[in-house]
Every structure is written in structure tokens, then in C-alpha cells.
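# Overview (structure and organization)
Residue-level listing of the chains:
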Amino acid sequence: MQDMKEMQDYVIFEAEKKWQEYWEKQGIYKFNNKKKDKLFSVDNPPPTVSGKMHIGHAFSYSQQDFIARFRRMKQENVFYPFGTDDNGLPTERMVEKLNNVKSASMDMAEFIELCLKTLKKITPEFIQDWKKLGVSADYSLGYSTIDKKCQQLSQKSFIELFRKNLVYKREFPTIWCPECRTAIAQAELEDKQRDSLFSTIKFKVEGRDLLISTTRPELLPACVAVFVNPADKRYKNLAGKKAKVPLVDFEVPVIADKSADMAKGTGVLMVCSYGDRFDVEAIQRHKLEPRLILNRDGTLSYNQYAGLRIKEARKKILEELKQKNLITEEQHIIHAVNVHDKCGTEIEFLTTEQWFIKILDKKEELIEQGRKIKWHPGFMLKRYEGWINGLEWDWSISRDRHFGVPIPVWECKKCKTIILPDEKELPINPLQTQKKCDKCNSVAEPEKKVLDTWATSSLTPQIASSLVRDIIKLPFSLRPQAHDIIRTWAFYTITKSYLHEKQIPWKDIMISGFVTLKGEKMSKSKGNVIQPQEVIEKYGADSLRFWAAGSKLGEDLDYQEKDIITGRKLITKLWNASKFTLMNLQDYKAEKPAKLEVMDKWILCKLTRLVRNCTTFFEGYEYSKARAETENFFWHDFCDNYLEISKRRIYQGTKQEKLSAQYAIYTSLLSVIKLFAPIMPHITEEIYHLRFAEDERCKSIHISRWPELSMDDKSALEIGDLFIETLAAVRQFKASNKKSLKALISLTLEQEKVSKLKDSLGDFKAVVNAKEIKEGKFSISLLE
């Protein structure tokens, strides 16, 4: 036990570094696969290696860590690996930026080698941000979604689903990002409000003007039909005729179709290949021949507009239309457009050959699987169900990129046969392995596409389990994640677990919110980004974690520095209160007295209720309530009141009175730091090692036992509450008279109060500094 007189001030940054190194060296958070205790398994989200930890990471990973730490203190065997997601587009773009290269202009094998080399260099520093935050993962159980084992599991999943007839390849108008030059899935779309021109353009039908309004004039060369609503009397005679498209030398059919919105624009719809998903559906429904004019890089291929990017072509075509007096009206509008969530580029629909997993015919089953999982907060299930109900395409899993998990397929073009590798060959790169067709002995063509990152990340429970020889079975205990990836990571993981094992991936899912600044979502373009590294350097990780515990699960939290400062003040108060408490426990042998004084029973009753509440809160993922109640108890019940009340007996009481007070303050402080430990791991570890680690013979507070108390004395609670109520009245009196709390008084209390407080009058007289306490009408007299 440390001599309290020699105790130094708590230096946050030195202490946090010291304990992080200690935890790693001592293996405090290592998973024990031989331990027979109750298992708590976490399907930990692998952060994308595309820079460094951002404030949203710090927010959500702190919240999941609160739960992991609580479960570990409940003596559960916590399986909490730490992976990184580094086979996706964000990582590829980061590698391009760091090395000043473009993957499209490099040999594929050369670029992949550059990616792997760059990742090996930057990943350790990237992970260090999580360690500095105090995330208690078992970093020795790590994986990368591009490592050999992950590639093997991802390719094995593809092959299994292919053999179940759940994977297919089809040439189809798919969602395409011209910036990233790849097909993407519906789940990767975001709606963004963009400025645009709604132009009304003159078409011709039998020499007469037919006005059509559009925001996509650059698609005039791709026009394949004009739709009019059969209920629209204005155009009832046009159906079946031909409309001449302006600027281009061809005509298209006028078709009666209910999809033409009579209230939008002129009520006439221009159908192009392809402006949006409605065009895709319309062209297929009427079996129209598409006119494909868009290249994969977002340029046009049509005649005089060839080589122009979409917006350049739009500008040029509008100029030509104006010159020829073919525009009757232009309106500036703001409307929602679909953009790629990775780069913000407006998407297009291009006819390409892609691989898909069948999900549209399984909506009901996937909704039912979601309902078997306990969602925290519960309303997030509605977001999951809403996403599934809105699905319009199967899951597009192929990407036209260089870096990723290769799709393990060869195709014999002669026999139209798909060739798959044996499982023992996995992982395999078809571009580096030759396969021949069993039927005709021709050399098969290797697949050049790679799997979408979600096709691999959707297997994180299986990937994590493979780190410990698959001893962790589905369902895991918990999946923590943010609400913006319910439509991707949560949905795809539920899908894969169902398709492969007919099982749910986890029992519980906890969904965190976003971090805002002055009510706005943070973004680099707005210049309103808070760097968590800078916050930690200024205030410490515990202060940042304290802030992250300030919002209910699933709710967005506005970043305010004052909340971080509040956490810093709590650290200081914990340290000072602990110094005072432990200084008065130098001769205490951690023994329980035969008899407890009434105010000691009172604080222990309050503490018992607090521990029970906090246990319930953490079990229900309501860490913010646990923080609030523990904070209130510590500041008010313990520091403001009980420490002051117990001073007389600690300094001047009988041996029995002193022992009772020491037991109560010892138990209270130990319990408080344990209740704070999941949220503020560094300061609580420091205090624990001042005394309690030796007493409990435990090398870390984070593997010590969660507090359990059973003090339930209604009489003591009632007396104690009356004591505190009367004490507050005396303090208020002294404050209003601008007197010190130590000012000597004469106090008169009602006979009933004196009677109730009889067993604690000694404590009360001392704490209010009363020379005497008389019976009568309540009054206070200053004696100095």
C-alpha cells in the first residue's frame, strides 16, 4: 500500500500511457479459450484503414467498450478481437493518395503489392489510436479483411452460395460510380440535396411541339421513348405516334404508361437508357432497345459529345438547345439525387456484367431473422425492416477494382461453363492460376473482378471465430455498430448467417448515433471536424470517454468542449477524494465491524441501490444512466455529505465508531471506482493500485469483481435522508448569512427530528458545528 503522504498529483497523460502499457504487458484483456466462465463474445466492427481514427470512432468504440469492460468485471470470459477493414475502396483511394498513383494506370499485381506494403506500414499506427482511447480489445487476436484467412473464408462463402444456386452473374443495368469506376450496391447509395436546372424542352410530334421537362438533357441522345399518362386528356391522342428528339436525328415511340406523373413538369416523361432506376424498369417493361451513350469513366460516347464528362455535356447541350430556341422554360431547383457514399459522386446506371446474391425473394425471412435479435435501442429494428422492404435489387457483390478479394471463378467461353476451385486451393487469384475446362479442355478465362468489401465484412463473426479455432459459435453475444451501416454491415451479416447457417449472427445489437458540432454533422468540407487525437492530448482519454457516455444509445451527441472539461474535473475530484479517503485508511485492515453506525448504514444503503441500478443499466446498454447516477452519488452523497459526516468519528471517535466509518468509506470508494471503471479506465486503475489491488490480490480493476452489496435498512435510509435534509437547511442558512460552513451555531430542532436523529446526533452536531442542539421550533443562532 502506497504511503498517502508521498502521493503525487495525478498526471493524466503519464498515467494513461503507463496503464495502457501495463495492460498490454500483463495481458489483462487477453481472451482465455480454456476458461469455463460464461462467454461474452463481441463481433467488433473492424474500422476502415483509410486515415486515422475520427471522432465518430471515438464515440461509438467508447460506448461498446463500456459494455465489454462491464462484462469482464462480471467475471465473464470476454472475446473481443480487433480487426481492420482494408480491402475496400476507401483503402484503395488512400493508397493512391499516399503514393500519388492511380490504380487504373498500374498493373494489377503491382498495385496490389503497393497496397499491401502501404497497409503494413500504416496499420500499427492506425490501431494505436484505439489503444490510446483505452479500448480493451484483445489486440493479439487481430485480423485484416485482406489477409489470407479472410480471403479464404470470403471465397469459401462465395463458392458455397454459388453451389446453393444463390449466386448468379448477369449483364444488367447496374448502379455505377463514374468516379470510382465500379458497380456498387443499393446499400452504398446516399441521398444528397443538389442544385439543378429543370429545363422544358421542345420535342416534335407530327410537326407540333411536345414539351418535356427534364434535369438530364445530356441524355437526349439516349432517349428511347416518351411516356404519357393514359388518364391525361392533354395527350390522349399522342399514344402510338412518334416523337422527334431535339438535336439528334431520330424518333422514339410515344407510349401510354401510368408512370408518367401528370403533376410533374409538363406531365410527359422522357425515358432514357439510363437516367435512373425508373428508366431501367420502364425499358424492361416495354422491351425497348436501349441506346447506351455513357462510358464507365463518366464521359459520353455519342457523336459530337464524345469524351465530354456528364456535366460538361449537359452544359453544351443546354447551350445548343438555347441557340436553336428549343427551351421554353428553365427553373432552378434543389432535389435529392443518389450519390455513392464513398466519394459523393452522383451515380449512373450502366449495363455491365456483375455478380449478385439472391435476396429479393427472401425479404420476409430476413425480416424474421432481424426480429429474433434484441435491438438496442429497440426502434432501430424499424430501420432494418424499412431498408429490407425498400430493396429493389439483389445484392451486387462484384467490383471493377484492382484491390480486393478475388472472385474465385473461371469461365469457359466455349462451353459457357463456370469453373470453381477446390476448397484446399483457397485463397486463390484466378489471374495467377490457369484452369482448363473439363468438357472441352480449353483454357478458361479468369474472373478479373473482386468481391465487394461487404461480401467479406459480412463474415466478421466467422472470421473472428477462426482466430480461436472456431470455438466461438453463432450467435455471438453482441454486435456494436453505428446506425448508418444498418443497411450494409448489419443487414449483410444477418443475410450471410442466414444463407449459410440458418442462424442469427448475434443475440444483441447495440446501435450508436453520430457526433455533431453545433447540431451539424461533421465533414471536412465544412471545416467543422474535431480530431479525437487532439482532445486526448489536451484532456486525456478518460475525459473523452466520459463525454461519449453522455448520450443515450442510438442518439446523436453534439460535441461541446465543456462536457470534456466536466470529465476532466471529475478525474481531479476522484483523485483528491481518494487521496483524502485513503489517507484515513492507513490503519484500516479491510475488516467489517460487528456493528455499523446509522449514517454508515445510510451511505451503504444508497450505495447498494446504486450498484443494483448500474448493473441493470449496463446489462441494458444504458451506460449514460449508469454514469449519471454514479456521478451524482459520488459528488453529492459521498463527497459533499458522507465524507464530511464521517470525519468526526474517523478523527475523534471510539475504536468501534472509527472502524464503522472506515469500512463505509472504504467500501464506498472501492465501489464507486469500480462503477466508473468501464467508462474511465485509467484514473480508476490508478486509484485501485493505491490500495485495493493489494487487498483484493488482483492485478487490475478491470478483471476484479463487479461490486455486490446487500445493505437494505429502510430505517437507516429514512434517518439518513432526514439528516441530509436538515443538514442542507443549516448549510443554506450559513450561506445566506455569508458565513463559513464551520461557523459555530446553536441549533433548535423539533422534538420528532431529535428523536429520529438520536443515534446520529453526534455526527450531526459535528458536521454543522453546533455547540448545542435543543428541542423546539426549528431555529438557528450564530454564535460567532
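What follows is about the sheet that holds strand β25 (residues 515–517). Pairing in this open sheet of 3 strands is mixed, and the strands run β26-β25-β27 from one edge to the other. A single partner strand is all that each edge strand has here, and the edge strands are β26 (520–521) and β27 (557–558). Sheet topology note: the β25/β27 ladder contains 2 bridges and is parallel. Among the inter-strand pairings, Val-515 is bridged to a residue of β27, identified as Leu-557.

This next bit is on the packing of aromatic side chains. Taken as a whole and assessed by the stated rule, the structure comprises 31 aromatic pairs. Relative to Trp-706, the ring of Phe-70 lies with its centre 4.9 Å away and its plane at 90°, an arrangement referred to as edge-to-face. Placement of Phe-70 in helix α2 (residues 55–73) and of Trp-706 in the loop between α20 (692–696) and α21 (714–736) is noted, with a sequence separation of 636 residues between them. The same class applies to Phe-70 and to Trp-706, which are both buried.

The subject of this paragraph is the pattern of salt bridges. Scanning the model with the defined rule gives 55 salt bridges in all. A salt bridge links Asp-65 to Arg-69; the nearest nitrogen and oxygen atoms lie 2.7 Å apart. Residue Asp-65 and its partner Arg-69 are located together in helix α2, separated by 4 residues, close to a single helical turn. Here the two residues Asp-65 and Arg-69 agree in accessibility, since each one is buried. Put simply, Asp-452 and Arg-399 hold a salt bridge, and the shortest N to O gap is 3.5 Å. Of this pair, Asp-452 sits in the loop between β22 (450–451) and α10 (453–457) while Arg-399 sits in strand β17 (residues 398–399); the two residues are 53 residues apart in sequence, bridging distant segments of the chain.

What follows concerns the packing of helix α1 (residues 12–26) against helix α19 (residues 681–688). Two elements in contact, α1 and α19, have axes whose closest approach is 9 Å; the angle formed by their N-to-C orientations is 80°. Accordingly, the angle class assigned to the pair α1 and α19 is roughly perpendicular. On the side of α1, the interface is formed by Ala-15, Glu-16, Lys-18, Trp-19, Gln-20 and Trp-23, while α19 contributes Pro-681, His-682, Glu-685 and Glu-686. A class-by-class count of the residues in the contact of α1 with α19 yields 4 nonpolar, 2 polar and 4 charged.

Note on placement: Arg-545 falls in helix α14 (residues 541–548). Sequence spacing of Arg-545 and Thr-200 is 345 residues, and the spatial spacing of their C-alpha atoms is 55 Å. In this view, Arg-545 contacts Ser-62, Asp-65, Phe-66, Arg-69, Leu-133, Gly-134, Val-135, Pro-678, Ile-679 and Pro-681; residues no more than four positions away in its chain are not counted.

Attention shifts here to the nonpolar core. Counting residues in hydrophobic clusters, the biggest one holds 189 residues, and the most contacted among them are Trp-375 and Trp-547. Once residues lying within four places of it in the same chain are set aside, the contact partners of Trp-547 are Ile-55, Phe-59, Val-515, Leu-557, Asp-558, Tyr-559, Gln-560, Asp-563, Ile-564 and Arg-627. Met-270, Leu-300, Tyr-302 and Tyr-305 belong to the second-largest nonpolar core, a separate cluster that totals 37 residues.

A word on unusual backbone geometry. A cis amide bond links His-376 with the next residue in sequence, Pro-377, at an omega value of -5°. Residue position: Pro-377 is located in the loop between β15 (374–376) and α9 (380–389). The omega torsion of the bond from Leu-426 to Pro-427 falls at -5°, within 30 degrees of zero and hence cis. Position of Pro-427 among the secondary structure elements: in the loop between β20 (417–419) and β21 (445–446).

Moving on, we get to the sheet that holds β15. Taken in spatial order, the 3 strands line up as β15-β24-β23 in an open sheet, and their pairing is parallel. Pairing within the sheet leaves two strands with one partner each, and these edge strands are β15 and β23 (476–482). In this sheet, adjacent strand axes meet at a mean angle of 20° when their direction is disregarded. Pairing of β15 with strand β24 (residues 506–512) involves 3 bridges; the strand directions are parallel. Counted as the bridge partner of Trp-375 is Ile-509 from β24. On top of the sheet, α2 reaches β23 and β24; it is set at about 140° to β24, its chief contact.

Procedures and definitions
- Residues numbered from 1 in each chain as written.
- Predicted model: local features only at pLDDT ≥ 70, side-chain atom pairs only at ≥ 80, totals over all residues.
- Heavy atoms only, no water.
- Pairing = 2+ DSSP bridges.
- Helix = DSSP H or I, 4+ residues; strand = E, 2+ residues; numbered from the N terminus.
- Phe/Tyr/Trp six-rings, centres within 6.5 Å; stacked < 30°, edge-to-face > 60°.
- Buried < 20%, exposed > 50% of the residue type's maximum accessible area, 1.4 Å probe, protein only.
- Salt bridge = Lys/Arg side-chain N within 4 Å of Asp/Glu carboxyl O.
- Axes fitted to C-alpha atoms, helices over the stretch in contact; angles between N-to-C directions.
- Parallel < 35°, antiparallel > 145°, perpendicular 65-115°, else oblique.
- Contact = heavy atoms within 4.5 Å.
- Nonpolar A, V, L, I, M, F, W, Y, C, P; charged D, E, K, R; others polar.
- Core = buried A, V, L, I, M, F, W, Y, C linked by side-chain atoms within 4.5 Å.

That is the geometry; function is a separate question.
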